[in-house]
Amino acid sequence: MEKAFVEKMEQELLKQRNTILASLAAQTEDLKKIVETTDVGDDIDVASDVVDGKMLESLSAQDQNRLRLINNALDRIKQDKYGLCLKCGKEIPQERLEALPYAFMCINCKSIDERRNR
């Protein structure tokens, strides 16, 4: 894989990681505010705050999973294994990596994996 392309993808991955970390920090602050105010107000306010808190937790879990995938991709860059399918070892097309910079399987292996996990 071309060094210039890998460097471009590394910058994109770092940008996405920083965005997620900023989002997680904001969500954490929002969750703290919700927890601090849940003992005040009527039952409807409390229920609404609980739902808001659960939604933030869910978003946080999705972001945490994506962050893990991004960090793994950055590790593969350091190991000179970025862009290689972890299952078959073939090169992942650049178009796929541009669309999903943290992809770790080629489309064929990912499709097989998804069918198996249904």
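In this report, we go over the structure that sits alongside the text. (Residues numbered from 1 in each chain as written. Predicted model: local features only at pLDDT ≥ 70, side-chain atom pairs only at ≥ 80, totals over all residues. Heavy atoms only, no water.)

Tracing the backbone through its elements, the reader meets Arg-96 in helix α3 (residues 94-99). Look at Arg-96: it is buried, it has no salt bridge, and the nearest opposite charge is Glu-114 at 6.7 Å. (Helix = DSSP H or I, 4+ residues; strand = E, 2+ residues; numbered from the N terminus. Buried < 20%, exposed > 50% of the residue type's maximum accessible area, 1.4 Å probe, protein only. Lys, Arg positive; Asp, Glu negative; His and termini not counted. Salt bridge = Lys/Arg side-chain N within 4 Å of Asp/Glu carboxyl O.)

Unusually for a residue other than glycine, Asp-80 sits at a positive phi of about 55 degrees. Within the fold, Asp-80 resides in the loop between α2 (43-78) and α3. Residue classification places Asp-80 among the exposed residues on the basis of a relative accessible area of 69%.

Further remarks concern the pattern of salt bridges. Counted by the stated rule, this structure contains two salt bridges. For Glu-98, the salt bridge is made with Lys-8, and the minimal N-O distance between the two is 3.4 Å. Here Glu-98, found in helix α3, pairs with Lys-8, found in helix α1 (residues 3-37); they are 90 residues apart in sequence, far enough to count as distant. Residue Glu-98 is classed as partly exposed on the basis of its relative accessible area, which comes to 43%. We note a salt bridge from Asp-113 to Lys-87, for which the minimum N-O separation is 3.8 Å.

Checked against the element boundaries, Arg-76 lands in helix α2. As a buried residue without a salt bridge, Arg-76 has its nearest oppositely charged side chain in Asp-75, at a separation of 7.7 Å. At 3.4 Å, the side chain of Arg-76 forms a polar contact with the backbone oxygen of Tyr-102. If sequence neighbours within four positions are ignored, Arg-76 has contacts with Lys-81, Tyr-82, Leu-86, Tyr-102, Ala-103 and Phe-104. (Polar contact = N/O pair within 3.5 Å; in protein donor to acceptor, adjacent residues only side chain to side chain. Contact = heavy atoms within 4.5 Å.)

Following the sequence through the fold, Ile-77 ends up in helix α2. Overall, the relative accessible area of 10% leaves Ile-77 in the buried class. Sequence-wise, Ile-77 and Glu-7 are 70 residues apart; in three dimensions their C-alpha atoms are separated by 8.7 Å. Aside from chain neighbours lying at most four places away, what touches Ile-77 is Val-6, Glu-10, Leu-13 and Tyr-82.

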